[in-house]
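# Geometric and topological summary
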Amino acid sequence: MIVAERKPKVALTCFDHFGEAMPDGRLTEPSDGKIYRLRDAIAETKRLGRTLTESEMKKFEINR
């Protein structure tokens, strides 16, 4: 029988410093309030093989 030592799956060394660079505690930028057809935008991104520009993204914006 072979006995192997299990190694932790995640490095737990930086958790006590996590988020210090974010003064307000956010992990993402605040929402601009716009709503997009994301599935269509993602499909277009895959078709083009690159990220969309802001003008291309406006085609997928939903006006309320």
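Residues numbered from 1 in each chain as written. Predicted model: local features only at pLDDT ≥ 70, side-chain atom pairs only at ≥ 80, totals over all residues. Heavy atoms only, no water.

### Quick notes on the overall build of the protein chain
Going by this rule: Here a helix means four or more residues in a row that DSSP labels H or I, a strand means two or more in a row labelled E, and each is numbered from the N terminus. Type-normalised accessible area, obtained with a 1.4 Å probe on protein chains alone, sets the label of each residue: buried when under 20%, exposed when over 50%, and partly exposed for intermediate values. For the area figures, the Shrake-Rupley method with a 1.4 Å probe applies, and any residue is considered shielded solely by the protein chains shown.
Of regular secondary structure, the protein chain possesses two helices and two strands. For the protein chain, the N- to C-terminal ordering of α and β elements is β-α-α-β. Here the protein chain, with 64 residues, has 8% of them falling under the buried criterion. Per element, the accessible surface of the protein chain, about 6600 Å² overall, is 56% carbon and sulfur.

### Side note on the side chain of Glu56
To keep it simple, the criterion reads: The term polar contact refers here to a pair of N or O atoms within 3.5 Å; inside protein, the definition further demands a hydrogen-donor-capable atom paired with an acceptor-capable atom, and it admits residues adjacent in sequence only when both atoms are side-chain atoms.
Inspection of the secondary structure assignment puts Glu56 in helix 2 (residues 54–57). A relative accessible area of 17% places Glu56 in the buried class. Within polar-contact distance, the side chain of Glu56 engages the side chain of Arg50 at 2.8 Å. From its side chain, Glu56 meets the backbone nitrogen of Thr53 in a polar contact 2.9 Å long.

### What to know about the pattern of salt bridges
Definition in use: The working definition used for a salt bridge is a side-chain nitrogen of Lys or Arg within 4 Å of a carboxyl oxygen of Asp or Glu.
This model, assessed by the stated rule, comprises three salt bridges. One salt bridge connects Arg50 with Glu56, and the closest N-O pair in it is separated by 2.8 Å.

### As for the side chain of Glu44
Note the following rule: We call two residues in contact whenever any of their non-hydrogen atoms come within 4.5 Å of each other.
Within the secondary structure, Glu44 is located in helix 1 (residues 38–48). Apart from residues no more than four positions distant in its own chain, Glu44 is found in contact with Leu52 and Phe60.

### Overview of the confidence of the model for the protein chain
This is how the line gets drawn: The predictor rates its confidence in each residue with pLDDT, a number between 0 and 100.
With 58% of its residues at a pLDDT of 70 or more, the protein chain has an overall mean of 78. By mean pLDDT, the top-scoring element of the protein chain is helix 1 (95), and the lowest-scoring one is strand 1 (residues 35–36) (90).

### A few points about the environment of Phe60
Within the secondary structure, Phe60 sits in the loop between helix 2 and strand 2 (61–62). According to the relative accessible area criterion, Phe60 is buried, its value standing at 8%. Put simply, Phe60 and Arg37 are 23 residues apart on the chain and 5.3 Å apart in space, counted from C-alpha to C-alpha. Discounting residues that sit within four places of it in the chain, Phe60 has contacts with Ile35, Tyr36, Arg37, Asp40, Ala41, Glu44 and Leu52.

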